[in-house]
Amino acid sequence: MASMHYPSSCFRTTSFPTFSLSVPITSSSRPSLPLPLPLPPGFRNWVPGFRLKSLNWVFSGALALSLSVTGVGLAEAKVGVNKPELLPTEFTPVIDVAGFLSDGQEKRLAQEISDIEKDTGFKLRVLAQNYPDTPGLAIKDFWQVDDRTIVFVADPTFGNILNFNVGATVDLDIPRSFWSRLAGKYGNMFYWKEKGEDSSIEAAVMAISNCLREPVGPNNCSEVK
């Protein structure tokens, strides 16, 4: 099983996406690919064993890596994306350039995210997109992403619509298995095609909210609620 190597000052070691952050890995497939962008401190790799995508691709568009539940890796070059013109003029924790959410849904999600940050100190940010229609790398500075940030990208391009990137502090409190179980429950193609992309996004946000509010311990976030 090949391994992916990142600068030790920026990462620990496991697997999942990042814009200028990291590349996801499954337990059965770790393609060796160069990183196209410098990695900010405080972020880690991500969850093994589920279909995940790289936020290097999601944000910069410079690299796409799709990892399937069968462990088959698919890498392909993408044209870099950095479209600050797609960002809203005012700050919001929810950006929907794909049109998956109604105005009312966006407001409800923004309020829930505000409550999460107030109650837990963690920052959840939601980007709904259809690559390559995305703000790309511009999102990093817009949201001031740090090690207490969870970036949730809803993009159905490779089938599973739920993609996550977590900062190092979040990763200390939330089991990595939670993210793969969340993607499996609410992100699979059967779910969002039947119930809609908006339902997947709303269900995922509420599951994350419930998880972040649980006391940290050996069994926290053991259920996707």
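Scroll up to find the structure this text is about.
Residues numbered from 1 in each chain as written. Predicted model: local features only at pLDDT ≥ 70, side-chain atom pairs only at ≥ 80, totals over all residues. Heavy atoms only, no water.

Q: Whenever I open this one, the sheet that holds strand 5 (residues 123-128) confuses me. Can you help?
A: By way of backbone hydrogen bonds, the strands of a sheet pair with one another, either parallel or antiparallel. Reading across the sheet, the four strands line up as 4-5-6-7 and stay open at both edges, with mixed pairing between neighbours. Of all the strands in the sheet, the pair left with one neighbour each is strand 4 (94-96) and strand 7 (162-166). Strand-to-strand twist of the sheet, defined as the mean angle between neighbouring strand axes without regard to direction, takes the value 15°. As paired strands, strand 6 (residues 149-154) and strand 7 are joined by five bridges and run antiparallel to one another. If you follow Ile-150 over to strand 7, its bridge partner there is Val-166. Contacts from helix 2 (residues 103-120) reach strand 4 and strand 5, with the element oriented near 155° to strand 5. The strands touched by helix 7 (residues 197-213) within the sheet are strand 5, strand 6 and strand 7, with strand 6 carrying the most contacts at an inclination of about 160°. (Pairing = 2+ DSSP bridges. Helix = DSSP H or I, 4+ residues; strand = E, 2+ residues; numbered from the N terminus. Axes fitted to C-alpha atoms, helices over the stretch in contact; angles between N-to-C directions. Contact = heavy atoms within 4.5 Å.)

Q: How do you make sense of helix 5 (residues 176-186) when you look at a structure like this?
A: Listed as buried for helix 5 are Phe-178, Trp-179, Ser-180, Leu-182, Ala-183 and Tyr-186. Among the structural elements, strand 6, strand 7, helix 4 (168-173), helix 6 (189-195) and helix 7 are those in contact with the buried residues of helix 5. (Buried < 20%, exposed > 50% of the residue type's maximum accessible area, 1.4 Å probe, protein only.)

Q: Would you mind going over unusual backbone geometry with me for this structure?
A: Working note: non-glycine residues mostly have negative phi, and peptide bonds are mostly trans. Each neighbour pair has its own omega, and for Tyr-131 with Pro-132 the value is 10°, a cis peptide bond. At Gln-144, a residue that is not glycine, the phi angle is positive and equals roughly 50°. Residues other than glycine seldom take positive phi values, yet Cys-221 does so here, at roughly 60°. Checked against the element boundaries, Cys-221 lands in the segment after helix 7. You can call Cys-221 buried: its relative accessible area is 0%.

Q: What am I meant to see in the packing of helix 5 against helix 7 here?
A: For any two helices packed against each other, one specifies the inter-axial angle together with the distance between the axes. Between helix 5 and helix 7, the shortest axis-to-axis distance is 10 Å and the interhelical angle comes to 150°. Classified by the angle between their axes, helix 5 and helix 7 sit roughly antiparallel to one another. For the pair helix 5 and helix 7, the sense of crossing is right-handed. Along the contact surface, helix 5 presents Phe-178, Trp-179, Leu-182 and Tyr-186, while helix 7 presents Ser-200, Ala-203, Ala-204, Ala-207, Ile-208 and Cys-211. Residues that form the contact of helix 5 with helix 7 fall into these classes: nine nonpolar, one polar and no charged. (Parallel < 35°, antiparallel > 145°, perpendicular 65-115°, else oblique. Left-handed = near helix turned anticlockwise from the far one by under 90°. Nonpolar A, V, L, I, M, F, W, Y, C, P; charged D, E, K, R; others polar.)

Just distances and angles here, no functional claims.
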